[in-house]
Amino acid sequence: FQGTGLGLFICVALCQNLSGFIACASTPDVGTIFHVGIPVTLHDESTSNMVKDPVKVCSDLPQAIHLAGPILVVDDNLVNVKILHRSIKMVLQKLGHNDHEVLTASGGHEAIAAYKEKQPGLCFIDYHMPETDGIAATIPIRSHEK
């Protein structure tokens, strides 16, 4: 398909490699805001406010999403699914959520079925997929959550 499906994974990997964090807050019928924090050292060391523990900062954010259900990862590329699944599990472990469920689906039809069965609190859905793309899968998911 057109995209590589690596956009979100690249963002997560960059944040992790730079000792930062990525979090999101979502409002139904409004949209989703992603928060990215990357610690930097200011030129004047006396005013430096270097983040020492990015996981603590992420968990302290009032805008950080409260995961009421499992996380769903949807992509037709199995490699992308495995990478994102592993990355999410690593972040959850750092936050002390070792037993939080991360579901996977290989396409839009599977995503819709997984949503109806498990009611995930957060979904990462690839845009470009054969048969049912991310938008086509999101529409029935959003209508089901109301």
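Everything numeric in this text was worked out from a predicted model, so none of it was measured. (Residues numbered from 1 in each chain as written. Predicted model: local features only at pLDDT ≥ 70, side-chain atom pairs only at ≥ 80, totals over all residues. Heavy atoms only, no water.)

**As for the pattern of salt bridges**
Reasoning step 1: Within the structure shown, the criterion is met by one salt bridge.
Reasoning step 2: Across the pair E101 and K118 runs a salt bridge, and its minimum N-O distance is 3.4 Å. Here E101 is found in the loop between α3 (78-94) and β4 (102-105), whereas its partner K118 is found in helix α4 (residues 108-118), with 17 residues between them in sequence.
Reasoning step 3: Given a relative accessible area of 36%, K118 falls into the partly exposed group. (Salt bridge = Lys/Arg side-chain N within 4 Å of Asp/Glu carboxyl O. Helix = DSSP H or I, 4+ residues; strand = E, 2+ residues; numbered from the N terminus. Buried < 20%, exposed > 50% of the residue type's maximum accessible area, 1.4 Å probe, protein only.)

**Concerning a nonpolar patch on the surface**
Reasoning step 1: Taken together, the side chains of I10, L14, L18, V36 and I38 present a nonpolar region at the surface, about 430 Å² in accessible area.
Reasoning step 2: Owing to a relative accessible area of 41%, I38 belongs among the partly exposed residues under this scheme. (Patch = residues over 30% accessible without salt bridge, like charges linked within 9 Å, V, L, I, M, F, W, Y side chains within 5 Å. Areas by Shrake-Rupley, 256 points an atom, 1.4 Å probe, with all protein chains shown as cover.)

**Re the packing of α4 against helix α5 (residues 134-144)**
Reasoning step 1: It is at 9 Å that the axes of α4 and α5 come closest, and there the two elements cross at 10 degrees. Here α4 is positioned roughly parallel relative to α5, judged by the angle of their axes. The chirality of how α4 crosses α5 is right-handed. Touching G108, A111, I112, Y115 and K116 of α4 are A137, P140, I141 and H144, all from α5.
Reasoning step 2: Looking at the contact of α4 with α5 residue by residue, the classes come out as six nonpolar, two polar and one charged. (Axes fitted to C-alpha atoms, helices over the stretch in contact; angles between N-to-C directions. Parallel < 35°, antiparallel > 145°, perpendicular 65-115°, else oblique. Left-handed = near helix turned anticlockwise from the far one by under 90°. Contact = heavy atoms within 4.5 Å. Nonpolar A, V, L, I, M, F, W, Y, C, P; charged D, E, K, R; others polar.)

**A look at the sheet that holds β4**
Reasoning step 1: Taken in spatial order, the three strands line up as β4-β3-β5 in an open sheet, and their pairing is parallel. The two strands at the open ends of the sheet, each matched to only one other strand, are β4 and β5 (122-125). For this sheet, the mean inter-axis angle between neighbouring strands, taken without regard to orientation, is 15 degrees.
Reasoning step 2: Sheet analysis places strand β3 (residues 71-74) next to β5, joined by four bridges and oriented parallel. Within β5, the residue paired with V74 across the bridge is I125. (Pairing = 2+ DSSP bridges.)

By themselves, these are just geometric observations and shouldn't be taken as functional.
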